[in-house]
Amino acid sequence: MAEPILQLVGLSKSFGALKATDDVSLDLRPGEVHALIGPNGAGKSTLIHQIAGTLKPDTGTLRFDGRDIAGLHMAERVRLGLARTFQVSSVALEFSALRNVMLALQARQGSSFRFFKDIRSDRTLTEPAMAVLARVRLAERAAVPAAELSHGERRLLEIAIALATGPKAFLLDEPMAGMGPEGSKALTSFLAGLRDEAPILLVEHDMEAVFALADRVSVLVYGRIIATGTVNEIRRDPEVRRAYLGDGA
Amino acid sequence: MARETAFNIVLSVLLVAAPVATSLLGEPFYVTLATRIAILALAAVGLNMALGLGGLVSFGHAAFFGLGGYVAGILAVHAFNMEPMFAGIPGTKLMPVIWLVAIVACALLAFVIGAISLRTSGVYFIMITLAFAQMAFYFAISWPAYGGEDGLSFFVRNNFPGIDTLRPLSFLAICYGLLGLSLVFFHRLQHSRFGSALQAARQNETRLAAVGIRPFHVRLAAFVISAAVTGVAGALFADLNRFVSPSMLSWQMSGELIVLIILGGVGRLYGPVAGATLYVLLEFALGGITERWQFFLGLILLGVVLFARGGVIGVFAGRPRHG
């Protein structure tokens, strides 16, 4: 079996008496979509924050691409190849879609401390940025300020930015949120093709998307992972059914 | 964009033509007025890099303005008295050397202040930058070697090779030259990779971190550059008045720089120029009528903040566009 790109071992995080993350072990292997599901308040967001670097775990190890990343700033984790998208779209609203993607490209090229060259005519940024926007079908909207993009377009822009950072793994936090059935379907098929580029850790409420995409599913309840397995195993697991899917599922 | 460019050109032409014309008509006082505009605008262009592009509301830029002023004053006094400073380093009356020293001194001070202040944000950042500037203010007041509370006078304006700086128009030309350079620099910065990261830090710092750039590093660099530019303006201000005093370090000075930018247009290339022009002209026009001219400045500022967020430039040229 291939070496996992992302590996969590015994991760825990408490807020006072509340154990938001309780001894979580989880890994992400090359070529797979690993979905993380769980009811509201299960601690999915807290876990994502710890992997991305906005929260520090109390105990446990966090390895990415062969190195311990627990002490690294979020920006450094992204530069190592851990790209993330946000549950609520988070882009630079005054910038055009193109310029949002260009920002990710310049970070990837490691060249943000250049003070003179005009980026508007810098083809090492504009051309690859257009190519990334074309991949998510946003090319015609490249010049539109992000603030004027529709909700769905902003979700796509988030994914374009993540793509532009040159990721070795994706951390997607509810990419389908608020997308509507049509948009969800289109995004699902796009993400399905993405796994060959880099594996995806997917947090998602849209069960249709999860069951269509996931190679493996982990179920988080009250900060603990109660089951990990293929979609069929998870569907049959009695504990999962009780805790999460509801008996009728 | 075209309207903004037109506005900038008209303002530039007026700022050059008016003092030259009045000088020819034998009214050199207006040259001093224009020089004040140029110097305050330069200081505000510096602040506009941190405040306008980076959203860093520094309420302590007087520290850099004053430090630049004291660099000019101290070097000039030592050169005039022919007595070396500490470690036997001689003073100098050469403006380019003074500017360079001011840039280095302000950059170092800004690095220290920024490294501490930029760990906070919002109102805490405003207060901590204010606190540092107040420390500099009281340090200057209580240090008798260079005049303390009374300030430091030097008798002859510093020199620039090949230019008679005692002629008001020549000194004005030097100030305009530096202001022009700072505007070119601001424009390049705004559209550079660094400027892009800096503006992203203002709009959404989580986003900037999530593409792999640490907001702290970008902001610190911007703060240092911003301080260096404001410091050069301080050195020129000292040369204009042939006098430096702790008032250059006061919180009123920091506030004045912020007011200039808000009046003119935050983050706009010519915002500081428009703001400084309006400010100095108001001070001149209303100051002749009443000592309480700042009451009217307050009314105008209120009007700008309530009805014209983009400042003077916003009124003439509309909202800014990003590429």
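Worth saying up front: this structure is predicted, and the values here are computed from it rather than measured. (Residues numbered from 1 in each chain as written. Chains lettered and ligands numbered in written order. Predicted model: local features only at pLDDT ≥ 70, side-chain atom pairs only at ≥ 80, totals over all residues. Heavy atoms only, no water.)

### Thoughts on the environment of Leu138 of chain A
Put simply, the rule reads: The numbering of helices and of strands both runs from the N terminus, where a helix is a DSSP run of H or I of at least 4 residues and a strand a run of E of at least 2. Contacts are assigned to residue pairs with any non-hydrogen atoms lying within 4.5 Å of each other.
With respect to the secondary-structure elements, Leu138 of chain A resides in the loop between α4 (123-135) and α5 (151-164). Among residues more than four places away in sequence, those in contact with Leu138 of chain A are Leu133, Glu153, Leu156 and Leu157 of chain A.

### Quick notes on the pairing of strand β1 (residues 6-15) of chain A
Residue and element names in this part refer to chain A. Going by this rule: Note on pairing: two strands pair once DSSP finds at least 2 bridges between them.
The pairing of β1 with strand β4 (residues 59-64) spans five bridges and is classified as antiparallel. Within β4, the position partnered with Leu8 by the bridge is Leu62. Looking at chain direction, β1 and strand β2 (residues 18-28) are connected through seven bridges and run antiparallel. Bridging across to β2, Ser14 finds its partner in Lys19. Counting the residues between successive antiparallel strands, the hairpin from β1 to β2 contains two residues, one of them, Gly16, with a positive phi of roughly 60°.

### Some thoughts on the nonpolar core
Worth spelling out the cut-off: Put simply, buried Ala, Val, Leu, Ile, Met, Phe, Trp, Tyr and Cys residues joined by side-chain atoms within 4.5 Å make one nonpolar core. Only protein chains enter the accessibility calculation, which uses a 1.4 Å probe. A residue is then buried if its area is under 20% of the maximum for its type, exposed if over 50%, and partly exposed in between. Domain start and end points were adopted from an automatic or database domain assignment.
Counting 138 residues, the largest nonpolar core has Val101 and Leu157 of chain A as its most contacted members. The element best represented in this core is helix α2 (residues 29-53) of chain B, accounting for 16 residues. Looking at which domains feed residues into this core, each of domain 1 (1-81 + 167-249) and domain 2 (92-165) of chain A supplies at least three. The contacts of Val101 of chain A, once residues within four sequence positions are left out, are Ala129, Val132, Leu133, Leu157, Ala160, Ile161 and Ala164 of chain A. Formed by 24 residues, the second largest nonpolar core is a distinct cluster that contains Val24, Ile48, Ile69 and Leu171 of chain A.

### Things to note about the sheet that holds strand β7 (residues 169-173) of chain A
All names here are of chain A. Quick note on the threshold: Between N-to-C directions, angles cover 0 to 180 degrees, with each direction set by a line fitted to C-alpha atoms, over the stretch in contact for helices.
An order of β6-β7-β8-β3-β9-β10 is seen for the six strands of this open sheet, with the pairing classed as mixed. Single-partner strands in this sheet number two, and they are β6 (82-85) and β10 (224-229). For this sheet, the mean angle separating the axes of adjacent strands, direction not counted, is 15°. Inspection of the sheet shows strand β3 (residues 33-37) paired to strand β9 (residues 216-221) by four bridges, in the parallel sense. Looking at the pairing, Leu36 lines up with Ser218 of β9. Along the sheet, helix α1 (residues 44-52) contacts β3, β6, β7, β8 (200-203) and β9; its crossing angle with β7, the most-contacted strand, is approximately 150°.

### Remarks on the confidence of the model for chain B
This is how the line gets drawn: The quantity called pLDDT is the predictor's confidence in a given residue, expressed from 0 to 100.
Here chain B averages 94 in pLDDT, and 99% of its residues register 70 or above. Element-level mean pLDDT values for chain B span from 88 in helix α13 (residues 311-317) of chain B up to 98 in helix α4 (residues 95-117) of chain B.

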